Amino acid sequence: MARRLDYSARYPLHTTEELYAALRSRDYWEARVAEMRKYAPNNEVVSLDVTDDGIDVVLHHTLPREMLPEIAQTVMRKDMVITRKESWGPFDHDETEGRFSASIPAGPGSLTGDIRLFPTETGATMRFSPTAKVFIPMVGPRLEQLMLVNLVDLFRAEQEETLRYLGNRTADKPV
């Protein structure tokens, strides 16, 4: 049985237009990946494709096996290489929707989800709705819960980096 959660990243004082512009920028993705290197050294932006139809980005996160929780080490015999993909639709009337996925070669499960960027009274919100599924009897539910807990930590760290990135861009604008 898959596990699901919802997480909302709030961006007070920033518009959906500012967030979408960041998502279209390679500098933004490189800043996010650089921040994630504090937690795992081998992260990279593999590709960023920006068109009128939307945005597609592919990231690689490599977690050394010794950094994995003990329960995950029982399943993973090597470093964990996570391929993360995000796809965003075109920006339409102050909002957009997207999808994301994370996969691990020979991994025992899946992680997929929807993302929605929309305006609020105080700024903008990005709502993530991930679903984790692990296909291992007995330990599957524990690993699914572990994946979602760690995903919330990742979303929080990315939200902080996004706020820092947007704040720096605002500070650079001439008055």
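Residues numbered from 1 in each chain as written. Predicted model: local features only at pLDDT ≥ 70, side-chain atom pairs only at ≥ 80, totals over all residues. Heavy atoms only, no water.

(A) View of the environment of A157. On the secondary structure map, A157 appears in helix 4 (residues 140-172). Along the chain, A157 and A21 lie 136 residues apart, while their C-alpha atoms are 20 Å from each other. (Helix = DSSP H or I, 4+ residues; strand = E, 2+ residues; numbered from the N terminus.)

(B) The arrangement of helix 2 (residues 26-36) in detail. By the burial criterion, the buried members of helix 2 are Y28, W29, R32, V33, E35 and M36. Buried residues in helix 2, looked at end-on, bunch into an arc of 160°, giving them a common side. Sitting at the head of helix 2, S25 places a side-chain oxygen 3.2 Å from the backbone nitrogen of D27. (Buried < 20%, exposed > 50% of the residue type's maximum accessible area, 1.4 Å probe, protein only. Arc of directions from axis to C-beta. Polar contact = N/O pair within 3.5 Å; in protein donor to acceptor, adjacent residues only side chain to side chain.)

(C) Structural detail: the environment of V46. Turning to its location among the elements, V46 is positioned in strand 3 (residues 42-51). Once the C-alpha coordinates of V46 and E95 are considered, the two residues, 49 residues apart in sequence, prove to be 26 Å apart.

(D) Local environment of the nonpolar core. Counting 35 residues, the largest nonpolar core has L23, W88, M126 and F128 as its most contacted members. Sorting elements by how many residues they give to this core places helix 4 first, with 6 residues. Ignoring anything within four residues of it in the chain, the contact list for M126 reads Y7, S8, A9, Y11, L19, L23, W88, I115, R116 and L117. (Core = buried A, V, L, I, M, F, W, Y, C linked by side-chain atoms within 4.5 Å. Contact = heavy atoms within 4.5 Å.)

(E) Just the pattern of salt bridges, in detail. Across all of its chains, the model carries 13 salt bridges by this definition. R84 is the partner of E86 in a salt bridge, and the nearest nitrogen-oxygen pair spans 3.1 Å. Of the two residues, E86 and R84, both sit in the buried class. Note that E158 and R84 form a salt bridge whose closest N and O atoms lie 2.5 Å from each other. Within this pair, whereas E158 is found in helix 4, its partner R84 is found in strand 5 (residues 80-88), the two being separated by 74 residues in sequence. Take R84: its relative accessible area is 6%, and that puts it in the buried class. Ionic contacts of the salt-bridge type, sharing partners, join the residues R32, R84, E86 and E158 into one network. (Salt bridge = Lys/Arg side-chain N within 4 Å of Asp/Glu carboxyl O.)

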